[in-house]
Protein chains: 2
Amino acid sequence: MSTIKDVARRAGVSTATVSYVLNNTGTVSEATRQRVLQAVKELGYRPSVIARGLQARKSRMIGYSWRPMPPDQFNPILEKFIHSMAEAAERHDYHVLTFPSSIPYDEVTIYQDMIESGRVDGFILPHTNLNDRRIRYLLDVGFPFVAFGRSNPDWDFPWVDVDGTGGMRQAVTHLLELGHRRIACLAWPETSLTGQYRLEGYQAAMVEANLPIDPAWVVRTENDYYHAYQITQTWLALPPDRRPTAVVALSDLMAIGAMNAAADAGLKVGPDLAVVGFDDAPITGYLRPPLTSLRQPIAEVGERAVTMLIELVRGETPSPAQVLLKPRLIVRDSTRLSKT
Amino acid sequence: MSTIKDVARRAGVSTATVSYVLNNTGTVSEATRQRVLQAVKELGYRPSVIARGLQARKSRMIGYSWRPMPPDQFNPILEKFIHSMAEAAERHDYHVLTFPSSIPYDEVTIYQDMIESGRVDGFILPHTNLNDRRIRYLLDVGFPFVAFGRSNPDWDFPWVDVDGTGGMRQAVTHLLELGHRRIACLAWPETSLTGQYRLEGYQAAMVEANLPIDPAWVVRTENDYYHAYQITQTWLALPPDRRPTAVVALSDLMAIGAMNAAADAGLKVGPDLAVVGFDDAPITGYLRPPLTSLRQPIAEVGERAVTMLIELVRGETPSPAQVLLKPRLIVRDSTRLSKT
DNA sequence: ACGCATAATTTAAACGTTTAAGTAGGCTTG
DNA sequence: CAAGCCTACTTAAACGTTTAAATTATGCGT
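Bear in mind that the values here come from a model prediction, so they are computed numbers and not experimental data.

What counts as what
Residues numbered from 1 in each chain as written. Chains lettered and ligands numbered in written order. Predicted model: local features only at pLDDT ≥ 70, side-chain atom pairs only at ≥ 80, totals over all residues. Heavy atoms only, no water. Contact = heavy atoms within 4.5 Å. Buried area = accessible area lost by both parts, 1.4 Å probe. Salt bridge = Lys/Arg side-chain N within 4 Å of Asp/Glu carboxyl O. Polar contact = N/O pair within 3.5 Å; in protein donor to acceptor, adjacent residues only side chain to side chain. Helix = DSSP H or I, 4+ residues; strand = E, 2+ residues; numbered from the N terminus. Core = buried A, V, L, I, M, F, W, Y, C linked by side-chain atoms within 4.5 Å. Buried < 20%, exposed > 50% of the residue type's maximum accessible area, 1.4 Å probe, protein only. Domains from an automatic or database assignment. Near = heavy atom within 4 Å. Axes fitted to C-alpha atoms, helices over the stretch in contact; angles between N-to-C directions. Parallel < 35°, antiparallel > 145°, perpendicular 65-115°, else oblique. Nonpolar A, V, L, I, M, F, W, Y, C, P; charged D, E, K, R; others polar.

Q: With reference to specific residues and values, describe the interface of chain B and chain A.
A: Listed as interface residues are 57 residues of chain B and, on the opposing side, 57 residues of chain A. Both sides together, the interface formed by chain B and chain A hides about 5100 Å², and carbon and sulfur atoms give 60% of it. Broken down residue by residue, the surface that chain B buries against chain A is led by B:E79, B:R119 and B:Y286, which jointly contribute 16%. Inspection of the region where chain B meets chain A yields four salt bridges. A salt bridge links A:D264 to B:R288, with the nearest nitrogen and oxygen atoms 2.4 Å apart. The interface formed by chain B and chain A contains 22 residue pairs in polar contact (both at pLDDT 80 or more). At the level of secondary structure, the elements contributing two or more residues to the side of chain B that touches chain A comprise helix 4 (49–56), helix 5 (78–91), strand 2 (95–98), helix 6 (107–116), helix 10 (225–236) and helix 11 (252–264) of chain B.

Below is the structure:
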């Protein structure tokens, strides 16, 4: 593996000149520039990113850590997200370092480790929440990061998020147009900010349509298939005038629970009970019936987050520093009335 | 951020001594050792991994690139795999660098880039095949890697793989025990080595049971839902004495295609047509009926591959250099005879 | 008290870059 | 034609470690 010294020797110049040519800095005559480039080509020289990193005190690495899913759940967005981040990063000669957030550790320790050892120049933070300790820590130490998700309104930090409120509003509006009036919502615990935004969208759409929300129609639970299944069962057991004809779920996993509960009760999902999910996981289209769901623009989230982060690392101020993207409702048979 | 010089100054020693203490090399008196450690603690000093990397000409990074899935398909193992690799790596102070294998590029170029810029010390290679150009290249340049999957038998390189042959044999044996005699197989094109191994397991189990394989029962196709759906339809249209009563698929995605084709034909999956998948994706348990599938020990694959790779990077020779792990058949209702 | 072996520590070079500061030489300018 | 100014380079220090080699301190046997 050849170094800048080898190139300099072969081109008959100093290493400084080579460096200037490679970085398009300094003033170099066209003749020497060509000689240097020739030498680079002949030797197949590639600058060492580590040596560059030492000099610049930058690693050109972006750290990304996600919460591992329990084995029976799926992470519908991880692959696309990492992929889009890595691609965007590569365009700027950055790379993505994935590290696990093992449970035993204090959540913040790993981030601290990564910073202090100089492994990464910045972070993308997924799964944010109110009073997120990682955000608080990174703000305190002034280390660059961009969050995928929001947090406390009085914390000023850069984020990209998907508009859960708008998404749920779309979903409910869609159901209203189909004639549904009694719409239930499989929600998340109050501790989830993301869940809160989504729930608000449901509520807002119902209020705007002047429809009452029966308290029984909103149930908060962990993101879990069986909970969703059971809750749907209780809904189906309500008296006819209170029984929901449609369910919007905060995730595809819960939507599947609702679908299966309905099917097991002898109902036809779609005509008898409409179901909408959130995330548009790749399998949704293969379910029976295929599930209507809200597709998040994951690739765009990853791309914009990384772009913003690189600006931050360079000392620039990304503008806008907060980006809210719209999800798109993918309509499938789980919200179609006609019996297929 | 303090450096080794700061520590040396504070402890009243040279930087060399600090380095010896930190790495447990050289001979340092207990008194100075304590003084150094004290200084380290007081300053919150952490060695710069970049500076270390420059000196050692090592990045302590493991590169991992995977083929992105088409949007309508899912990668059932990616999350677990990256997670297990990252955890194993961290135990040895290594980290995982994920990079996309963008289509436009020549497949090998990206690996070359990573090597020549000194980004990574080794690779984990997923999705191997016969005459795999990445393997050939890495062998030629002598760069450390461990493959997840096998390749040409006459190429000697370290790999970890899941025993597809044994897995399919398990699946078929399970079906035989349930009384099935006409078993079909949704296979992959001949170009897929993994597919070849799995298919051989199916064939071997049938032969051992002295059962004839009707040529119509083995259909090779790309890993695709719709193909699987259509092929199953043609099977169901066969005359009763040739119509399969069970289907083993080389992936969950194709198994789902088979299940849906059967359901749409008015058959009950399980009693009327048994279906077995491969991968045990997290959703399989939530399908109707839940899908019997072969679970790959992904976490162990990741862990062992990384351990082997780190040995290689250190110049050691991992033993064994080839590891074949058994998948486990998870039996669910898609292969149960009783009508639920 | 001396020489010697060994233990403890320091010096300085090296890893592969970048870049501030310095230096020639040619060109303009009054 | 000297003073100054570009242009096109080079020199050398710096980034934060490790480590071979050199140096100094310590203890031991006689």
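Q: Outline the nonpolar core, listing residues and values.
A: Generally speaking, soluble globular proteins have nonpolar side chains that are buried together. One finds A:Y202, A:V248, B:Y202 and B:V248 to be the most contacted residues of the largest nonpolar core, which totals 102 residues. The next biggest cluster of nonpolar side chains, apart from the first, holds 56 residues, and it includes A:L78, B:W66, B:A86 and B:Y94.

Q: With reference to specific residues and values, describe the domain arrangement of chain A.
A: We note that the domain assignment places domain 1 (4–45), domain 2 (61–162 + 300–325) and domain 3 (164–297 + 328–335) within chain A. Just the C-alpha atoms count here: the centres of domain 1 of chain A and domain 2 of chain A sit 37 Å apart.

Q: Lay out the protein's contact with DNA strand C with the relevant residues and their values.
A: In the vicinity of DNA strand C lie 26 residues, with A:I4, A:S19, B:S14, B:T17 and B:T32 positioned nearest. Counting only the atoms of DNA strand C that lie within 4 Å of the protein, the sugar and phosphate share comes to 63%. For DNA strand C, a base nitrogen lies 3.1 Å from a polar atom in the side chain of A:Y20. Interatomic distance of 3.2 Å between a side-chain N/O atom of A:N23 and a phosphate oxygen of DNA strand C.

Q: How would you explain the packing of helix 1 (residues 4–11) of chain B against helix 2 (residues 15–23) of chain B if you had to name every residue and give the values?
A: Residues and elements named next belong to chain B. Across the interface, helix 1 lies against helix 2 with an axial gap of 8 Å and an inter-helix angle of 105°. Considered as vectors, helix 1 and helix 2 are oriented roughly perpendicular to each other. Along its contact with helix 1, which presents I4, K5, V7 and A8, the element helix 2 presents T15, V18 and S19. Of the residues belonging to the contact of helix 1 with helix 2, the class tally is four nonpolar, two polar and one charged.

Q: Quick rundown of unusual backbone geometry? Include the residues and the values.
A: Excluding glycine, a negative phi dihedral is what most residues carry, and trans is how most peptide bonds are arranged. For the bond running from A:R288 to A:P289, omega is -10°, close enough to zero to count as cis. Within the secondary structure layout, A:P289 lies in the loop between strand 9 (274–279) and strand 10 (292–295). For the peptide bond that leads from B:S319 to B:P320, omega is 0°, which places it in the cis range. Among the secondary structure elements, B:P320 is positioned in the loop between helix 12 (298–313) and strand 11 (322–325). For A:D93, which is not a glycine, the phi torsion comes out positive at approximately 60°. Tracing the sequence through the fold places A:D93 in the loop between helix 5 (78–91) and strand 2 (95–98). Even without being a glycine, A:H127 presents a positive backbone phi close to 55°.

Q: Lay out the pattern of salt bridges with the relevant residues and their values.
A: Residues and elements named next belong to chain A. A complete count under the given rule lists 30 salt bridges over all chains for this structure. One salt bridge in this structure joins R134 and D132, with 2.8 Å as the shortest N-O distance. With respect to class, R134 is no different from D132; both count as buried. Where salt bridges share partners, they join D280, R295 and R332 into one cluster.

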